Amino acid sequence: MTDSTTERPDLGKTTDPHEGVDPVDVLPETGGTDSSQAMVAPAPGGSDFMTRLGDTGFFRIAGLAVVLLVIAIVGTVTAGDRFLDVNNFLTILKLSAVLGVVSVGMTFVIIGGGIDLSVGAVVALSSVWATTVATQDMARDSHWLLILLAAVAVGAVAGLINGVLIAYGKVVAFIATLAMLVGARALAENISDNRTQIVSDMPGFYDFFGAEPLGIPMTVWVFALVAVIGWVLLNRTTFGRRTFAVGGNPEAARLAGINVRRHTVLLYVLVGVCAGLAAVLLIARTTTGNSAHGELLELDAIAAVVIGGTLLAGGRGTITGTVLGVLIFTTLTNVFTLNNRPPSEQDLLKGAVIVAAVLLQQWLASRKRTT
Amino acid sequence: MNTSDAPLLQVRGIVKEFPGVRALGGVDLDVRAGEVHCLLGQNGAGKSTMIKILSASYIPDEGTITWKGEPAKFGSPQAAINAGIATIYQELDLVDGLTVAENVFLGHELSSVGFSRRAAANKRTREILARLGHSEISPTRLVGELSPAGQQVVSMARALSHEVDLLILDEPSAVLDHGEVENLFRVVKNLTEQGVAIVYISHRLEEIREIGDRITVLKDGSTVATGLPAKSTPTADLIKLMTGRNIEYVFPQRDDAAQVADDVVLEVRDLALDGVFSGVDMTVRAGEIVGLAGLVGAGRSEILETIYGARRATSGTVSVDGKRLRRGAVDAAVKAGIGLAPEERKSQGLLLDQAVATNITVSSLNRFSRLGFIDRSGEKARSIELTESLDVRPTGVTRAVRTLSGGNQQKVVLARWLLRGCRVLLLDEPTRGVDVGARAEIYKLIRSLADSGVAVVVVSSEVEEVLGLADRVLVVREGRVVHEAAAAHIDESRVLDLVMEGTPA
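Residues numbered from 1 in each chain as written. Chains lettered and ligands numbered in written order. Predicted model: local features only at pLDDT ≥ 70, side-chain atom pairs only at ≥ 80, totals over all residues.

Peer 1: With reference to specific residues and values, describe the overall build of chain A.
Peer 2: For chain A, the helix and strand inventory stands at 16 helices and two strands. Buried positions account for 50% of the 371 residues belonging to chain A. Expressed as a percentage of contacts within chain A between residues at least 6 apart in sequence, the contacts between residues at least 24 apart total 80%. (Helix = DSSP H or I, 4+ residues; strand = E, 2+ residues; numbered from the N terminus. Buried ≥ 20, exposed ≤ 12 C-beta atoms within 10 Å, placed from the backbone. Contact = placed C-beta atoms within 7 Å.)

Now the structure itself:
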């Protein structure tokens, strides 16, 4: 019979009934009194977390942790104390922030069954737009928050255009966001006249983002905050629940009464806002707005999300996985930089890591199935 | 008729079982060279399964197939094709973006040293099309540009690009209009004159009368009559053979008509969808179950989906409790209190990888959330309550709905609308893929929903199910409601008769 084999055309993944399941919502199938008790009266805090660890989701996360650990060991062996240093770790986290914020947004879009190729270009446009606003005379006396609002607004509008084109114009997401990629960067070049726009006299802005509460840079706090908000949004709200539904089976979601098109638009606005926020972090780090900012960021973000176990076909994914995917990428870059290796080697290994991480996760998941 | 006595194909005692279902329980069939042999039977009688066994998509559990006098065991569809048995399914498997000739030779392209011989393929295709009496179709046309009838001819040409002795046609006229059916018959006659045997499946008796030679009738997976003369067997006899069932389904006690309240809940007026159905009127009261009977393709599912707003009506109105609904808006329909259990449960009804609880609450999420945050324990508790009262097995609302059986998946869909608290429930083939035991439970559930004041509309291909479950029956044929009657005042043969009559020429 062909029925069972044609049922799940999802990138050659296995057909274990548990595999495609959001680990947060689905408890392991232990069948005994244990799990049924847990269902009737969900135990608070810790034990609920422990039950969740039993799912394959845990093995995916564990696989990523192993990859990260291996990279860290390589870093320690090759670079020694220069790697194993608190300041180095903070550097890694600081460099993760831009990619991380974008990747959290990208996770939502991909779980929702879409893709956004324009995030890098939108980061560039947001950075140029915001720095233009900041350097205009009339804005000199305005509050530094204006720069943040401008960047986020530009991202949101770009996302809105993407979303409307995709959901209502029925343009394939790949094409719509590809057009935005080209258009947004061209607009950024046009506005900035291909020059780097330096913003130096914005004391409040740099004071805020230069601060290090509890010894941790503000940009890292922002990344952490975005990740936590993303996790809550995805796993605890109706918005997140609908995202899984829309990506997992858009037709069933529609027939269940979910406004799939409106939700799709919201997803692209969300990733646009994340891109705008990433632009702010980039301005804070480089003091510049530049039409070359964020080049190829979309590919790194998609790679980080997919490494994190999110299904490219939609309907499944985790924020935790994405964060680990981002950290794997940044730590890898850090190890190469510490060893003074050329970027070409680094990219070669990046490609290998993407494949290795996905293979490792699948292997661990299949081992879980057989035991 | 130049049929010889020794059968080309002899089938004896075919048995095929699927988990929980005995699809075929002893099918006998003899097909002679050059004849049109019609396979007749109700939905679920086992015709499709039998075709798949002949085309070697399924391997039978028991029974023998003798092909050209020798016992045959085809291991794969390809083996059957090589032996000379070709099948044309209702759903044509053509590639729209390729030319006619490329489709005809798909999978066995003519080539020399790796280069395709397009001229040769075009020439061969032209010959085959001429043999089919359709030389007006150019081998270089794109298949996507052809009409359904033209595409069907291409499908047959593909079958004939191999050496074919037996051609199986599964409801070939379902996609065709009247003039095109004439063409099809011409092709069939052409082929039989060349000695090709045809197994012809159709629900339209007048077609069977016109081109059929002999009839085999299936009922509940077994042959009940074989070798009947197609021209002279009385219609009443055929319908008698097809009806009546060995397995008795248990339908819940129907309430007296007096208990159906007077208030109209669902009112459909002159609803139409271009090219599919038109002029549909329907009134459903609180507590009433209305059944739509008709063949697959008659427009039943489309009527339900249009009422639900999943398809945008070309004209007409749908009102719930007197309030008219916006056209083509599912969310408006859901808000007004309509629920749909769609025909394709897996692809349209369920989030297969998500938990049972998620699937139940997906249409009522706002009730379990405050400021967008989901009250997960409340959600879980309510889902457990519902699954327990519907006896969904295995228990556990956090298990992925994919792991449940068909019947239990359907209960999950029903639980969703139970939770939502519907005024109107539209059920499209509610027991498809559901085993006998769970059927009775689902029937009971549907009846108790109606008793609680819900207006229910049921679509089913099984006449017995419509009659047993519904209070009132609408018979749909070719996009029109052709008859309406109280279920108590109409019987299975009358419905079948209405359904199969076909368009008067």
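Peer 1: Run through the packing of helix α10 (residues 218-236) of chain A against helix α13 (residues 260-286) of chain A, naming residues and quoting values.
Peer 2: All names here are of chain A. Orientation of α10 relative to α13, taken along the N-to-C sense of each, is 170 degrees, at an axis distance of 11 Å. Judged by the angle between their axes, α10 and α13 are roughly antiparallel. The chirality of how α10 crosses α13 is left-handed. Within the contact between the two elements, α10 uses Thr219, Val222 and Val226 and α13 uses Cys274, Leu277, Leu281, Ala284 and Arg285. Residues that form the contact of α10 with α13 fall into these classes: six nonpolar, one polar and one charged. (Axes fitted to C-alpha atoms, helices over the stretch in contact; angles between N-to-C directions. Parallel < 35°, antiparallel > 145°, perpendicular 65-115°, else oblique. Left-handed = near helix turned anticlockwise from the far one by under 90°. Nonpolar A, V, L, I, M, F, W, Y, C, P; charged D, E, K, R; others polar.)

Peer 1: Account for the domain arrangement of chain B, with residues named and values stated.
Peer 2: You can read the domains of chain B as domain 1 (7-243) and domain 2 (264-501). With twelve residues of domain 1 of chain B in contact, the opposing surface of domain 2 of chain B contributes eleven residues. (Domains from an automatic or database assignment.)

Peer 1: Residues and numbers for the environment of Ile137 of chain B, please.
Peer 2: All names here are of chain B. As for its position among the elements, Ile137 is in the loop between α4 (118-131) and α5 (148-160). Taking C-alpha positions, Ile137 is 9.8 Å from Thr125, a pair spaced twelve residues apart along the chain. Ignoring any residue separated from it by four or fewer positions in sequence, one finds Ile137 in contact with Val100, Leu129, Gly150 and Val153.

Peer 1: Tell me about the confidence of the model for chain B, residues and numbers included.
Peer 2: Per-chain confidence: chain B averages 85 in pLDDT, with 94% of residues scoring 70 or above. Across the predicted assembly, pTM comes out at 0.76 and ipTM at 0.72. (pLDDT = per-residue confidence, 0-100.)

Peer 1: Quick rundown of the pairing of strand β11 (residues 214-219) of chain B? Include the residues and the values.
Peer 2: Residues and elements named next belong to chain B. Burial within β11 is extensive, with five of its six residues counted as buried. Inspection of the sheet shows strand β3 (residues 36-40) paired to β11 by four bridges, in the parallel sense. Bridging from a neighbouring strand, His37 pairs with Arg214 of β11. Here five bridges tie β11 to strand β12 (residues 222-229), and the two strands are oriented antiparallel to one another. Bridging across to β12, Lys219 finds its partner in Ser222. The turn joining β11 and β12, which pair antiparallel and follow one another in sequence, is formed by two residues; a positive phi near 50 degrees is taken by Asp220. (Pairing = 2+ DSSP bridges.)

Peer 1: Give a detailed account of helix α6 (residues 119-135) of chain A, specifying residues and quantitative values.
Peer 2: Under the 1.5 Å per step criterion, the end-to-end length of α6 of chain A is 24 Å for 17 residues, consistent within 8% with the ideal 24 Å. For α6 of chain A, a buried count of 15 out of 17 residues is recorded, marking the element as mostly surrounded by other parts of the structure. (Expected span 1.5 Å × (residues − 1).)

Peer 1: Explain the packing of helix α5 (residues 86-111) of chain A against helix α14 (residues 297-307) of chain A to me, and be specific about the residues and the numbers.
Peer 2: Residue and element names in this part refer to chain A. Contact geometry for α5 and α14: axes closest at 9 Å, N-to-C directions at 65 degrees. Between α5 and α14 lies a crossing of right-handed hand. Listed contacts from α14 to Leu99, Val102, Ser103, Met106, Thr107 and Ile110 of α5 are Leu297, Asp300, Ala301, Ile302, Ala304 and Val305. Of the residues contributing to the contact of α5 with α14, the split by class is nine nonpolar, two polar and one charged.

Peer 1: Give a description of the sheet that holds strand β22 (residues 455-460) of chain B that names residues and reports values.
Peer 2: Residue and element names in this part refer to chain B. Here six strands make up an open sheet; going across it, the order is β18-β21-β22-β15-β23-β24 and the pairing mixed. Every other strand in the sheet has two partners, leaving β18 (338-341) and β24 (480-486) as the edge strands with one partner each. Averaged over neighbouring strand pairs, the angle between their axes works out to 20 degrees when direction is ignored. The sheet contacts of helix α14 (residues 406-420) involve β18 and β21 (424-428), and relative to β18 the element is tilted by about 175 degrees. Packed onto the sheet, helix α17 (residues 492-500) meets β15 (289-294), β23 (472-477) and β24 and runs at close to 25 degrees relative to β23.

Peer 1: Account for the nonpolar core, with residues named and values stated.
Peer 2: Counting 261 residues, the largest nonpolar core has Val101, Val102, Ile147, Cys274 and Ala278 of chain A together with Val424 and Val456 of chain B as the members making the most contacts within it. When residues of this core are assigned to domains, at least three map to each of domain 1 (7-243) and domain 2 (264-501) of chain B. Excluding residues within four positions of it along the chain, Val101 of chain A makes contact with Val222, Phe223, Val226, Cys274, Leu277, Ala278 and Leu281 of chain A. (Core = buried A, V, L, I, M, F, W, Y, C linked by C-beta atoms within 7 Å.)

Peer 1: Account for the sheet that holds strand β6 (residues 85-88) of chain B, naming residues and giving values.
Peer 2: All names here are of chain B. The sheet built from six strands is open, its strands ordered β6-β9-β10-β3-β11-β12 with mixed pairing. Edge positions in the sheet fall to β6 and β12, since each of these pairs with one other strand and no more. Along the sheet, successive strands turn relative to each other by an average axial angle of 20 degrees, direction set aside. Across the sheet, helix α1 (residues 47-54) is in contact with β3, β6, β9 (166-170), β10 (197-201) and β11; its angle to β9 comes to roughly 150 degrees.

Peer 1: Tell me about unusual backbone geometry, residues and numbers included.
Peer 2: Residue and element names in this part refer to chain A. With phi around 55 degrees, Lys170 is a residue other than glycine that occupies positive phi space. Relative to the elements of secondary structure, Lys170 occurs in the loop between α7 (145-167) and α8 (173-192). For Asn194, which is not glycine, the phi torsion reads 60 degrees and is therefore positive. For Asn194, a count of 11 C-beta atoms within 10 Å puts it in the exposed group.

Peer 1: Describe the pairing of β9 of chain B, listing the residues and the values that go with them.
Peer 2: Residue and element names in this part refer to chain B. Most of β9 is tucked away, with five of its five residues classed as buried. Every second residue of β9 is oriented toward a common face, with Leu166, Ile168 and Asp170 on one face and Leu167 and Leu169 on the other, all of them buried. The pairing of β6 with β9 spans four bridges and is parallel. Considered in β9, the bridge of Ile85 is made with Leu166. In this structure, β9 lies alongside β10, joined through five bridges in parallel fashion.

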